[in-house]
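Descriptive analysis of the structure
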Amino acid sequence: MFEREIPFFDYKKIYGENSNSLHEIFESVGRRGAYIMQSDLRDFEKNIGLILKNEFVLGVANATDGLEILLQLKGLKKGDEIIISSHTMLATAGSIISQGGTPIPVDISDDWLISPEAIESAITKRTVGIMPTQLNGRCCDMDKILKIANKYSLFVIEDSAQALGATFRNVPAGTFESGGCFSFYPAKTLGCLGDGGAIVLKNSQDYENAKKIRDHGRCEQKEKILWGRNSRLDNLQAAFLNYFLTTYRQSINKRRDLANCYHERLKNVVELRLPPKPCDGDYFDIFQNFEITASNRDDLREYLSSHGVGTLVQWGGLGIHQLSQLGFDQYLPNVDTFFKNCIMLPMNQFLNTSDVEYVSDLIKNFYAENK
Ligand SMILES: *Cc1c(COP(=O)(O)O)cnc(C)c1O
């Protein structure tokens, strides 16, 4: 029907392209009866620790739980405010609510990430922390954010769910201050066959406490028991993830090549704004997504879809502050404008440069026909 079909993300390929190896892993885990907190999980935590240059890594059930656990360590009180970007997943805000705090969404800057100036303007007597989102696999300017945090004595917890292996000035996402979370939802840069997540912590004390919290708060020494939950990463998923990690570097390099290819093909299209090119300067981006802004966005989406190309508008096209039914009432003009024009083009490990060329040429045709 189409010359080529390029779904936004092909979930079946995670299994289809790896079925033999995944069967072997399933067989090994099953034969060992190694379902909960076994060696595969411990190996996985070590492997993630190598990427993050940090030993305090814990597998958890998903990234949202991870954020909640990181926040629980801070002991929020009712009314405590935490500043977040309005251009983030609902999970960033929801994790704060679950711990009794109040999320305060603020505007984005020109790079579409949380604006340091907006953070500073939103600080009140009740502000206790900042939770920047390292969006689409790119870190925020963490020097500016840490400076503000320092000045006002605020904690920084990163929603780095999309940024495993991204760095800013050689510091990995998740490790800038109090800690960060990672998501292994299937469509993430490192995806498993279901839900999965991890957190990285600042020091051994936080690590020991988070380790208890993810397993009901249990501890052999009675005086050290605390309130917890069940948020263990399945050992089977950890085993799958160890396997996917063996090609993670290549997979990121491929995404960066694809991003370069989009740039090469689309750089002269004046109707578009592209994210920064991959470079080896201050920012090492891992391109979880390739999000752009485009004039006439809805028609472009439609056109691409009618030619077999899947796209996505992130978060259903709404910033956090636009969710008035959840109690938000901020006016954030940059985010408003952004969501009128943003669109994510296909970007994942299953594509090759000819797919990207095909998508790019369609986009150029669209604007040539719609001058
Ligand atoms: C995917 C994602 C999450 C949630 O991750 P889960 O593992 O599904 O809980 C949170 N924040 C951001 C920015 C995400 O992209």
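Quick summary incoming for the structure in this document. (Residues numbered from 1 in each chain as written. Predicted model: local features only at pLDDT ≥ 70, side-chain atom pairs only at ≥ 80, totals over all residues. Heavy atoms only, no water.)

**Section: the nonpolar core**
Ranked by size, the top nonpolar core spans 57 residues in total, and within it Phe 44, Ile 48, Phe 184 and Leu 190 carry the most contacts. If one sorts the elements of this core by residue count, helix α9 (residues 235-245) sits on top with six residues. Listed in part, the 28 residues of the second largest apolar core include Val 269, Met 347, Leu 351 and Tyr 358. (Core = buried A, V, L, I, M, F, W, Y, C linked by side-chain atoms within 4.5 Å. Buried < 20%, exposed > 50% of the residue type's maximum accessible area, 1.4 Å probe, protein only. Helix = DSSP H or I, 4+ residues; strand = E, 2+ residues; numbered from the N terminus.)

**Thoughts on the site of the ligand**
The environment of the ligand is made up of 13 residues, and the closest members are Thr 64, Asp 159, Gln 162, Ser 183 and Lys 188. Between Asp 159 and the ligand, the recorded distance is 2.7 Å, taken from a side-chain N or O atom to a nitrogen atom. Here an oxygen atom of the ligand sits 2.7 Å away from a polar atom, N or O, in the side chain of Ser 183. Contact with the protein chains hides 93% of the accessible area of the ligand, taken as 380 Å² for the molecule alone. Here the shell around the ligand is built from residues that sort into five nonpolar, six polar and two charged. (Near = heavy atom within 4 Å. Polar contact = N/O pair within 3.5 Å; in protein donor to acceptor, adjacent residues only side chain to side chain. Areas by Shrake-Rupley, 256 points an atom, 1.4 Å probe, with all protein chains shown as cover. Nonpolar A, V, L, I, M, F, W, Y, C, P; charged D, E, K, R; others polar.)

**Describing the packing of aromatic side chains**
Using the criterion set out here, one finds 13 aromatic pairs in the structure. Judged by centre distance (4.6 Å) and plane angle (20°), the ring pair of Tyr 262 and Phe 290 falls under stacked. Taken together, the positions of Tyr 262 in helix α10 (residues 248-266) and Phe 290 in strand β12 (residues 290-294) put the pair 28 residues apart, joining distant regions of the chain. Of the two residues, Tyr 262 and Phe 290, both sit in the buried class. Residues Phe 338 and Phe 339 carry aromatic rings whose centres are separated by 5.5 Å and whose planes lie at 85° to one another, so their mutual orientation is edge-to-face. Take Phe 338: its relative accessible area is 4%, and that puts it in the buried class. By relative accessible area, which is 3% here, Phe 339 ends up buried. (Phe/Tyr/Trp six-rings, centres within 6.5 Å; stacked < 30°, edge-to-face > 60°.)

**Here's the deal with the pairing of strand β3 (residues 102-106)**
For a regular strand, side-chain orientation follows a simple rule: the groups alternate between the two sheet faces. Within β3, four of the five residues are buried, which leaves it mostly tucked inside the rest of the structure. Sheet topology note: the strand β2 (residues 81-85)/β3 ladder contains five bridges and is parallel. Residue Ile 84 lies in a different strand from β3, and its bridge partner there is Pro 105. What joins β2 to β3 is helix α5 (residues 90-98), and the crossover it makes is right-handed. (Pairing = 2+ DSSP bridges. Right-handed = clockwise from strand over helix to strand, strands pointing away.)

**Examining the sheet that holds strand β7 (residues 171-172)**
Strands belonging to one sheet form pairs held by backbone hydrogen bonds; the direction of such a pair is parallel or antiparallel. Spatially, three strands are ordered β7-β6-β11 in an open sheet, and the strand pairing comes out antiparallel. Both edges of this open sheet fall to β7 and β11 (283-284), since each of them pairs with a single strand only. Relative to β11, strand β6 (residues 167-168) runs antiparallel, the two being bridged by two bridges. For Phe 168, the partnering residue across the bridge sits in β11 and is Tyr 283.

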